[in-house]
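Listed here are the chains, written in short residue letters.
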Amino acid sequence: MNLTELFVGRFLLGLMLAGMLSLGAAVRAESEAVPLPPVQFSERTLANGLRVLLVEDHTSPTVAIQVAYHVGGKDDPPGRSGFAHLFEHLMFKGTANTKPETLDRLTEDVGGFNNAFTSEDITNYFEVVPSNYLETLLWAEADRLGSLVVDETNFKTERQVVIGEYDQRVLASPYGMLFELLDSKSYTVHPYRRGVIGNPAELNAATLEDVQNFHRTYYQPDNATLVVVGDFDPVQANRWIDQYFGAVPNNSRPIPRVSVVEPKQSVERRTTYYGANVPLPAVALVYHGPARSSPDRAALDVLENVLSQGQSARLYRTLVYEQQVASQVSSSADLREQPGLFVVYAILNAGKKPEQARALLDGEIAKLQQAPVPEAELAKAKTQLIAELVRGREQANDRATELVLATLVGGDPRQVNTALEEIQKLTAQDVQRVARQYLVPTNRTVIDYLPRAMPPAGPTKKERKSP
């Protein structure tokens, strides 16, 4: 045994002992009471259609404000991919009453912060400020809902920012294109295939009139949800909300909704991508999954955890430590408003081949399908997910985000109070069932993501026999 083998052996032994201790702790922890009180929220809808959710919490003298618009990457007009993302930037460029970047001054200058994100289904804007600035931020959010300036200058400036973001995150990043391929190669007709960040050629072909039409269509009160969590008087807060948001009119323009249904996949699809800046090969197995509102969501979260959460997870143990085929492994239950994906991927070590990684990934998935997860491993996964839930309730802004996602992506704000029970009641048979149902070859796309200099691989003996 050389020094490297001795080190690896001792490391693995230490890891196993640590894992055994953590599993024992996990079993004990699951049987104990979980400090996760329900999120007590009030809900109402203004006359103009704006949905309002309030959570009063005086544990900190701060308040989180979020305004989420029910428009994301899937809602981009055909041939205009990136419009939802573009507005994430334009919404900071000033209104009829304010200068550009006013939101920064109203938040950062009083010790708070602000930001926004765009997903496949929503665009969400948020701020956290001392609670005595709540009225100011409610006014500012209502103001940019009602009087945003969408002119040629702002459009062209922010279009270049979005295209620059694409260059940086997709083209310059060694594995940026891999994450674009997950959607574009897995969906054949659903607009999820276009992704979120945007297509530079389509953005460059867009006109100011295109962008203004998009804004008038989706940025209306009845397409928005306001969530406020924190230290406030609900009577006073509702008065301000009525005063500022209630005054914003709807333009009565119908809001298109995506009705395209991705056809059920019946055969495995394969694709190979060669990139000039890809340093090491990667392999991705992309399975179709259900929507976030599915009752299978919790079981898929546990499945993700068992496969790849931490260095004692199955994929990490097999591919990284034992076989040393990969340097990085991951899995993700990427569930959305409409049917999403379950993604498994590995970035390989130098000299390793995609077929080696695929065989190991398939082997670990097969184990999950053939036998229920041992009780101790299931308890560990559930404890980690419950701990994540508890940590996610500590900050007002995190609770506000959870409410936004439950309302607009999950379809029901009450989801925030059912997640704990759904995890606790899961059985090993539930996890085995979803592995058998979703993680099957006919339901997946296999992506080999390779350095340009890597020669094409021929099919393995086993693959040549596959139908």
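About the criteria used
Sequence order sets the numbering: in each chain, residues are counted from 1 along the sequence as written. A pLDDT threshold of at least 70 governs which residues receive local features in this predicted model, and a stricter bar of 80 or more applies before side-chain atom pairs are shown or counted, although totals over entire chains, interfaces and linings include all residues. By convention in this description, side-chain values take in all heavy atoms of the structure and omit both hydrogens and water. Where helices and strands are cited, they refer to DSSP runs of H or I of at least four residues and of E of at least two residues respectively, numbered from the N terminus. Only C-alpha atoms enter the radius of gyration; for comparison, a globular chain is expected to reach 2.2 Å times N to the power 0.38, where N is the number of residues. Burial classes follow relative accessibility: with a 1.4 Å probe on protein chains only, a residue under 20% of its type's maximum area counts as buried, one over 50% as exposed, and anything between as partly exposed. Only heavy atoms enter the contact rule, under which two residues are in contact if any of them lie within 4.5 Å. The predictor reports its confidence for every residue as pLDDT, a score running from 0 up to 100. By definition, two strands form a pair when at least two bridges between them are found by DSSP. Angular values range over 0 to 180 degrees, each being the angle between N-to-C directions of two axes fitted as lines to C-alpha atoms, with helices fitted over their stretch in contact. Buried residues of nine kinds, namely Ala, Val, Leu, Ile, Met, Phe, Trp, Tyr and Cys, make up a nonpolar core once their side-chain atoms join them within 4.5 Å. Every angle not falling under 35 degrees, over 145, or within 65 to 115 is termed oblique; those three ranges are roughly parallel, roughly antiparallel and roughly perpendicular. In this scheme, a crossing is called left-handed if the near helix is turned counterclockwise away from the far one by less than a right angle; it is called right-handed if the turn is clockwise. Throughout this entry, Asp, Glu, Lys and Arg are counted as charged residues, while Ala, Val, Leu, Ile, Met, Phe, Trp, Tyr, Cys and Pro are counted as nonpolar. The remaining residues, Gly among them, count as polar. Expected helix span is given by 1.5 Å per residue-to-residue step, counting one fewer step than there are residues. A pairing counts as a salt bridge when a side-chain nitrogen of Lys or Arg comes within 4 Å of a carboxyl oxygen of Asp or Glu. Under this definition, polar contacts are N or O atom pairs within 3.5 Å; protein pairs additionally need one hydrogen-donor-capable and one acceptor-capable atom, and for neighbouring residues in sequence, both atoms have to be side-chain atoms. Working definition: rings of Phe, Tyr and Trp (its six-membered ring) pair if their centres are within 6.5 Å, and the pair is stacked with planes under 30 degrees apart, edge-to-face with planes over 60 apart, and tilted otherwise.

When helices and strands are counted, the chain shows 17 helices and 11 strands. Against the 2.2 N^0.38 benchmark of 23 Å for 467 residues, the chain shows a C-alpha radius of gyration of 24 Å, consistent with a compact globule. Projected onto its principal axes, the C-alpha coordinates of the chain cover approximately 70 × 55 × 45 Å. Residue burial in the chain is summarised as follows: out of 467 residues, 51% are buried. Considering only residue pairs separated by 6 or more positions, the chain has 82% of its internal contacts joining residues 24 or more positions apart.

Here we take up the confidence of the model for the chain. When pLDDT is averaged along the chain, the result is 91, and 90% of the positions lie at 70 or above. Overall, residues 1–29 carries pLDDT values under 50, and its contacts beyond four positions in sequence, including any with other chains, amount to 16 contacts. The model gives residues 460–467 a pLDDT under 50, and that stretch makes 4 contacts with residues more than four places away or in other chains.

So, about the sheet that holds strand β2 (residues 51–56). Strand order in the open sheet formed by 6 strands is β1-β2-β6-β3-β5-β4, with mixed pairing between adjacent strands. Here the strands that pair on one side only, and so sit at the sheet edges, are β1 (42–45) and β4 (113–118). Going from strand to strand, the sheet's axes swing by 15° on average, the running direction of each strand aside. Alignment of strand β3 (residues 62–69) against strand β5 (residues 123–130), held across 8 bridges, turns out to be antiparallel. Paired with Y69 across the bridge in β5 is T123. Across the sheet, helix α9 (residues 234–244) is in contact with β1, β2 and β6 (224–230); its angle to β2 comes to roughly 155°.

In this structure, Y69, F87, L134, L138, L226 and F245 are the most contacted members of the largest nonpolar core, which totals 48 residues. Looking at which element gives the most residues to this core, the answer is helix α4 (residues 134–147), with 6 residues. With sequence-adjacent residues up to four places away left out, L134 is seen in contact with V63, I65, V228, F232, A237 and W240. Residues F342, A346, V373 and L389 belong to the second largest nonpolar core, which totals 47 residues.

Glancing now at the packing of helix α12 (residues 354–370) against helix α16 (residues 428–438). Taken N-terminus to C-terminus, the directions of α12 and α16 make an angle of 125°; their axes are 7 Å apart at the nearest point. Judged by the inter-axis angle, α12 sits oblique to α16. Considering only the axes of α12 and α16, their crossing is left-handed. Residues L368, Q369 and Q370 of α12 form the contact with α16, whose own contacting residues are Q432, A435 and R436. For the contact of α12 with α16, the residue count by class is 2 nonpolar, 3 polar and 1 charged.

As a further point, take the side chain of E120. Relative to the helices and strands, E120 resides in the loop between β4 and β5. Owing to a relative accessible area of 18%, E120 belongs among the buried residues under this scheme. If we ignore the near neighbours within four places in the chain, the residues touching E120 are G72, G73, K74, D75, D183, Y192, V196 and R336.

This part covers helix α10 (residues 297–308). In this model, α10 (12 residues) spans 17 Å end to end at C-alpha, consistent with the 16 Å of a helix rising 1.5 Å per residue. The element α10 is largely enclosed, with a buried count of 9 among its 12 residues. Those residues of α10 not exposed but buried are A298, A299, L300, V302, L303, N305, V306, L307 and S308. Of the residues trailing α10, G310 is marked for its positive phi of about 90°.

A few words now on the pattern of salt bridges. Evaluation of the coordinates by the stated rule reveals 28 salt bridges. A salt bridge links D183 to R336, with the nearest nitrogen and oxygen atoms 2.9 Å apart. With a gap of 153 residues between them, D183 in helix α6 (residues 176–186) and R336 in the loop between β9 (326–334) and β10 (341–348) connect regions that are remote in the sequence. With a closest N to O distance of 2.6 Å, R336 and D334 form a salt bridge. Its relative accessible area of 3% is what places R336 among the buried residues.

Another aspect to go through is the sheet that holds strand β11 (residues 444–451). Spatially, the 5 strands line up as an open sheet ordered β7-β11-β8-β10-β9, and their pairing is mixed. Edge positions in the open sheet fall to β7 (269–275) and β9, since each of these has one partner strand only. In this sheet, adjacent strand axes meet at a mean angle of 15° when their direction is disregarded. Sheet analysis places strand β8 (residues 282–288) next to β10, joined by 7 bridges and oriented antiparallel. Paired with V283 across the bridge in β10 is A346.

Here T217 lies in helix α8 (residues 208–218). The class for T217 is buried, based on a relative accessible area of 10%. Linking T217 and V34, residues 183 residues apart in sequence, is a C-alpha distance of 44 Å. Beyond its immediate sequence surroundings of up to four residues, T217 is in contact with R253, P254, I255 and P256. Within the local environment of T217, its side chain forms a polar contact with the side chain of R253, the two groups lying 3.3 Å apart.

This brings us to α6. The α-helix advances 3.6 residues per turn, and as a result positions three or four apart in sequence lie on the same side. Taken as a whole, α6 has its buried residues at G176, M177, L178, L181, L182, D183 and S186. In this structure, the buried side of α6 is in contact with α5 (152–172), β7, β8, β10 and β11.

Under the defined criterion, the tally for this structure stands at 12 aromatic pairs. Taken together, a centroid distance of 5.6 Å and an interplanar angle of 80° make the contact between F179 and Y345 edge-to-face. You can see F179 sitting in helix α6 and its partner Y345 sitting in strand β10, a full 166 residues away along the chain. In this structure Y345 comes out as buried when scored by relative accessible area, which is 12%. Among the aromatic residues, those joined into a cluster by ring pairs are Y69, F83, F87, F92, Y125, F214, Y218 and Y219.

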